[in-house]
Amino acid sequence: QVQVTESGGGLVQPGGSLRLSCAASVSDHMYSFNNMGWYRQAPGKEWELVANIRYNNNIKYGDSVKGRFTISKADAAATVYLQMNCLKPEDTAVYYCTAVYAYGFALSMNAFWGQGTQVTVSS
C-alpha cells in the first residue's frame, strides 16, 4: 500500500508565499514510483492540474500557475514540494496531492491521494 501525507496549507495575504509538502510512504517494494503532484478545486471552479513531476524530473504546470509556482522532488525520497509565490485570491482552493505508482511489471498505474490541504489567499 501507498500512503500519501500532505501539509503546508494555510492563510496568506495576496502576494505572499506558501510551501506545500507531500510524502508518499510505500510499504511494498513492488511499487515503483512514476509521478507525484497536486490538483486543486475551489467552489464553482473546475478541477485542475496545478503541477506534476515525473520520475525522470519532467515537470508540467497548469497554465494559471506558470511562473509563480515551482514543484521539486527530493532525490532519495518520494517527497515533493510546491513553492507558491505571488499568490492571488484566485489560488484559494483545496489542494490535493497525488502519488502514482506502477506495481510489479503491470502496465497500469495506481493513483493514491492525500486528504487535501486548504489554501486561502485573502487580505
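Our structure is the block above this text.
Residues numbered from 1 in each chain as written. Predicted model: local features only at pLDDT ≥ 70, side-chain atom pairs only at ≥ 80, totals over all residues. Heavy atoms only, no water.

Caption draft 1: Just the environment of Gly8, in detail. In this fold, Gly8 is placed in the loop between strand S1 (2-7) and strand S2 (10-12). Taking the C-alpha atoms as reference, Gly8 lies 6.1 Å from Ser21; in sequence the two are 13 residues apart. In this view, Gly8 contacts Leu18, Arg19, Leu20 and Thr117; residues no more than four positions away in its chain are not counted. (Helix = DSSP H or I, 4+ residues; strand = E, 2+ residues; numbered from the N terminus. Contact = heavy atoms within 4.5 Å.)

Caption draft 2: Representation of the sheet that holds strand S7 (residues 69-73) within the structure. Read across the sheet, four strands follow the order S1-S3-S8-S7 without closing on themselves; strand pairing throughout is antiparallel. Each edge of the open sheet carries a strand with a single partner, namely S1 and S7. Within the sheet, the average angular offset between the axes of one strand and its neighbour, ignoring direction, is 15 degrees. Relative to strand S8 (residues 79-84), strand S3 (residues 18-26) runs antiparallel, the two sharing six bridges. Within the sheet, the bridge partner assigned to Arg19 lies in S8 and is Gln83. (Pairing = 2+ DSSP bridges. Axes fitted to C-alpha atoms, helices over the stretch in contact; angles between N-to-C directions.)

Caption draft 3: Structural detail: the environment of Val4. Within the secondary structure, Val4 is located in strand S1. In this structure, the C-alpha to C-alpha distance between Val4 and Lys45, residues 41 residues apart in sequence, is 25 Å. Residues contacting Val4, with those up to four places away along its chain left out, are Cys22, Ala23, Cys97, Ala99, Phe112, Trp113 and Gly114.

Caption draft 4: Layout of the packing of aromatic side chains. Summed over the entire model, instances satisfying the criterion amount to eight aromatic pairs. Measuring from ring centre to ring centre gives 4.7 Å for Tyr31 and Tyr103, while their planes differ by 70 degrees; the resulting arrangement is edge-to-face. On the criterion of sequence distance, the pair formed by Tyr31 in strand S4 (residues 31-41) and Tyr103 in strand S9 (residues 93-103) is long-range, its members being 72 residues apart. Look at Tyr103 and you get partly exposed, because its relative accessible area is 35%. Ring geometry for Phe33 against Tyr101: centres 5.6 Å apart, planes inclined by 85 degrees, an arrangement best described as edge-to-face. In this pair, Phe33 sits in strand S4 while Tyr101 sits in strand S9, placing the two residues 68 residues apart along the sequence. The exposure class of Tyr101 is buried, given its relative accessible area of 2%. Three or more aromatic residues joined by ring pairs form one cluster here, namely Tyr31, Phe33, Tyr101, Tyr103 and Phe112. (Phe/Tyr/Trp six-rings, centres within 6.5 Å; stacked < 30°, edge-to-face > 60°. Buried < 20%, exposed > 50% of the residue type's maximum accessible area, 1.4 Å probe, protein only.)

Caption draft 5: Expanded view of the state of the cysteines. With the rule as written, the count across this model stands at one disulfide. Paired by a disulfide, Cys22 and Cys97 hold their sulfur atoms 1.9 Å apart. Taking the sign of the S-S torsion, -90 degrees for the link of Cys22 and Cys97, the bridge is left-handed. Here Cys97 lies in strand S9 and Cys22 lies in strand S3, a separation of 75 residues in the sequence. (Disulfide = S-S within 2.5 Å.)

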